[in-house]
Amino acid sequence: MKVLKMLFCLFLASFSDVDLGDFERSRFEEVYRNSRNSIVGIKVIKSKMSPSVYGDVSNSEIGSGFIYDSEDGLIITTASNIRDAKHIGVLFNDGRSVEAKVVGYDVPTDLAVIRLEIKRPHIPSLKLAENPYSVGESLMVMSPNPEGVCCNTSKGIVAAKTLSGNKLGGGLSTFFQFDAALNGGQQGGALLSLRGEVLGMPTFKQRNSENLFLNFGLPVDVIKIVLPELIESGRYLHVEWGLDPVGIPEEVRLKTGYIGNGLYIPGLSESGSGWRTGLRTGDIITALDGVNLETNEDFWSIFGSWITGENPSMKGHTVTIYRNGSFWDFDFKAVRKVIDFKDESWF
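Being a predicted model, the structure only gives us computed values, none of them experimental.

## Some words on the environment of arginine 276
In step 1: In this structure, arginine 276 sits in helix 5 (residues 273-277).
In step 2: The spatial distance from the C-alpha of arginine 276 to the C-alpha of aspartate 331 is 9.9 Å, given a sequence separation of 55 residues.
In step 3: Setting aside residues up to four positions removed in sequence, arginine 276 forms contacts with Lys333, Ala334 and Val335.

## Topic: the pairing of strand 5 (residues 97-106)
In step 1: Both strand 4 (residues 85-91) and strand 5 contribute to a ladder of 4 bridges, which runs antiparallel. Pairing of valine 90 across the sheet is with valine 98, part of strand 5.
In step 2: From the end of strand 4 to the start of strand 5, which pair antiparallel, there are 5 residues, and glycine 95 there has a positive phi angle of about 95°.
In step 3: Both strand 5 and strand 6 (residues 111-116) contribute to a ladder of 6 bridges, which runs antiparallel. The partner of aspartate 106 across the bridge, within strand 6, is leucine 111.

## Quick notes on helix 3 (residues 220-233)
In step 1: For helix 3, built from 14 residues, the straight-helix expectation of 20 Å at 1.5 Å per residue is met to within 8% by its first-to-last C-alpha distance of 20 Å.
In step 2: The largest bend in helix 3 amounts to roughly 30° and is located at valine 226, with the proline proline 228 lying one to four residues further along.
In step 3: Here helix 3 has its buried residues at Val220, Val222, Ile223, Ile225, Val226, Leu227, Glu229 and Leu230.
In step 4: Downstream of helix 3 by one or two residues, glycine 234 has phi in the positive range, about 95°.

## Structural notes on the packing of aromatic side chains
In step 1: For the structure on display, the rule yields 12 aromatic pairs.
In step 2: Here the aromatic rings of phenylalanine 303 and tryptophan 306 are separated by 6.0 Å at their centres, their planes lie at 75°, and the arrangement is edge-to-face. With phenylalanine 303 and tryptophan 306 both in helix 6 (residues 296-306) and 3 residues apart, the pair spans about one turn of that helix. Neither residue differs from the other here; phenylalanine 303 and tryptophan 306 are each classed as buried.
In step 3: An aromatic cluster of at least three residues, connected via ring pairs, comprises Trp241, Phe299, Trp300, Phe303, Trp306 and Phe332.

## Let's talk about the pattern of salt bridges
In step 1: Within the structure shown, the criterion is met by 10 salt bridges.
In step 2: Between glutamate 137 and arginine 195 there is a salt bridge; the shortest N-O distance is 3.7 Å. Of this pair, glutamate 137 sits in the loop between strand 6 and strand 7 (138-144) while arginine 195 sits in the loop between strand 10 (190-192) and strand 11 (198-207); the two residues are 58 residues apart in sequence, bridging distant segments of the chain.
In step 3: Across the pair glutamate 197 and arginine 195 runs a salt bridge, and its minimum N-O distance is 3.4 Å.
In step 4: A cluster of three or more residues bridged by salt bridges with shared partners is formed by Lys127, Glu137, Arg195 and Glu197.

## Quick word on the environment of threonine 281
In step 1: Relative to the helices and strands, threonine 281 resides in the loop between helix 5 and strand 16 (284-288).
In step 2: Take threonine 281: its relative accessible area is 48%, and that puts it in the partly exposed class.
In step 3: With 15 residues separating them along the chain, threonine 281 and proline 266 place their C-alpha atoms 5.6 Å apart.
In step 4: Those residues within four positions of threonine 281 in sequence are excluded, and the remaining contacts are Ile265, Pro266, Gly267 and Leu268.

## Observations concerning the nonpolar core
In step 1: Grouped together as the largest cluster of nonpolar side chains are 64 residues, with contacts concentrated most on Trp241 and Leu279.
In step 2: Take this core: its biggest share by element is 7 residues, from helix 3.
In step 3: For tryptophan 241, the residues in contact, after removing those within four places along its chain, are Gly272, Ser273, Gly274, Leu279, Leu288, Phe299, Trp300, Phe303, Trp306, Val319 and Phe332.
In step 4: Within the second largest apolar cluster, 18 residues are counted, among which are Ile88, Val90, Phe92 and Tyr105.

## Focus on the pairing of strand 6
In step 1: Most of strand 6 is tucked away, with 5 of its 6 residues classed as buried.
In step 2: Across 4 bridges, strand 3 (residues 74-77) lies against strand 6 in antiparallel orientation. Pairing of threonine 77 across the sheet is with alanine 112, part of strand 6.
In step 3: Two successive antiparallel strands, strand 5 and strand 6, enclose a turn made up of 4 residues, where aspartate 110 displays a positive phi of approximately 60°.

## Section: the confidence of the model for the protein chain
Low pLDDT marks regions whose predicted coordinates should not be analysed in detail.
In step 1: Residues with a pLDDT of 70 or more make up 81% of the protein chain, whose mean pLDDT is 83.
In step 2: Segment residues 3-20: pLDDT under 50, and 0 contacts once partners within four positions in sequence are set aside and those in other chains are kept.
In step 3: In the predicted structure, residues 165-173 sits below a pLDDT of 50 and forms 30 contacts with residues beyond four places in sequence or in another chain.

## Considerations on the side chain of aspartate 110
In step 1: Tracing the backbone shows aspartate 110 in the loop between strand 5 and strand 6.
In step 2: It is arginine 83 that comes nearest to the buried, bridge-free aspartate 110 among opposite-charge side chains, at 8.6 Å.
In step 3: Of the polar contacts made by the side chain of aspartate 110, one reaches the side chain of serine 80; its length is 2.8 Å.
In step 4: Ignoring any residue separated from it by four or fewer positions in sequence, one finds aspartate 110 in contact with Thr77, Thr78, Ala79, Ser80, Met201 and Thr203.

Reading guide: rules and limits
- Residues numbered from 1 in each chain as written.
- Predicted model: local features only at pLDDT ≥ 70, side-chain atom pairs only at ≥ 80, totals over all residues.
- Heavy atoms only, no water.
- Helix = DSSP H or I, 4+ residues; strand = E, 2+ residues; numbered from the N terminus.
- Contact = heavy atoms within 4.5 Å.
- Pairing = 2+ DSSP bridges.
- Expected span 1.5 Å × (residues − 1).
- Bend = angle between axes of the 7 residues up to and from the residue.
- Buried < 20%, exposed > 50% of the residue type's maximum accessible area, 1.4 Å probe, protein only.
- Phe/Tyr/Trp six-rings, centres within 6.5 Å; stacked < 30°, edge-to-face > 60°.
- Salt bridge = Lys/Arg side-chain N within 4 Å of Asp/Glu carboxyl O.
- Core = buried A, V, L, I, M, F, W, Y, C linked by side-chain atoms within 4.5 Å.
- pLDDT = per-residue confidence, 0-100.
- Lys, Arg positive; Asp, Glu negative; His and termini not counted.
- Polar contact = N/O pair within 3.5 Å; in protein donor to acceptor, adjacent residues only side chain to side chain.

Right, dumping it as structure tokens:
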């Protein structure tokens, strides 16, 4: 009897797997049909000229984008795609090409918005997902082919949650890794869920220690934070700390007698948020908003949670430090600035 029960359970499990595969396949087919006209090619003629035997000629490249607001003619792509753009043409699935202008871009997140010169409101917009992605979630990469016409597609899953560049701070420097195939020119397309909603945007590849390429995307929750400022003012202002705290050196502990948790400030810029808040070289940051710090990751992770669209200046947050034998609480005072392509020290 036990053997029969086990065989029956195995039968049900295999049947469920088949059903799940069929379901996923049918959902991806539906997502493709509903979304293919919303994926566009971005043909960019660069302002920088390349020398040739015929004289200087303009460089042209084709990237990817997707329609965010068809009524207003807004298209989301990457900042890398439109860098040094002299002319931008948007290539649609029906063969039409429409000129576009840059509305705004942000270098650290590689997010850009362009606006069509002639709006095409009959083409559907893609919806940004209400909820952030989950590791293991299925997704589809959609982007134009090398000629700029949709669609190249590949399927995969969200493979890992974060890749952070701590100088940019927490959430806004966070990308997620996915295992779907990503070819050149697909950056700026759409990473779509089984519901057909945008989970993120493919942004870059990175070669790992085993010489394999890993693919990364900008998550939808970051897009939602940065996008409104890009549309309104053309740029996003990032909070600059002007410091990068480290573990407390042993010689500092011996000198100060401090044996608790925290991170040491070896130096800081007088133009950053740290200085404006009241922090100084030699301070030990023990907590942010009352949460104790043990590692550099703790610092940037907590700071990342402060980054929201509703409170861009981060008012109401507290930094606790240890200085000269005493603990001090400071109200955080943000310094926000535009980070551009030339600011290589941020990357």
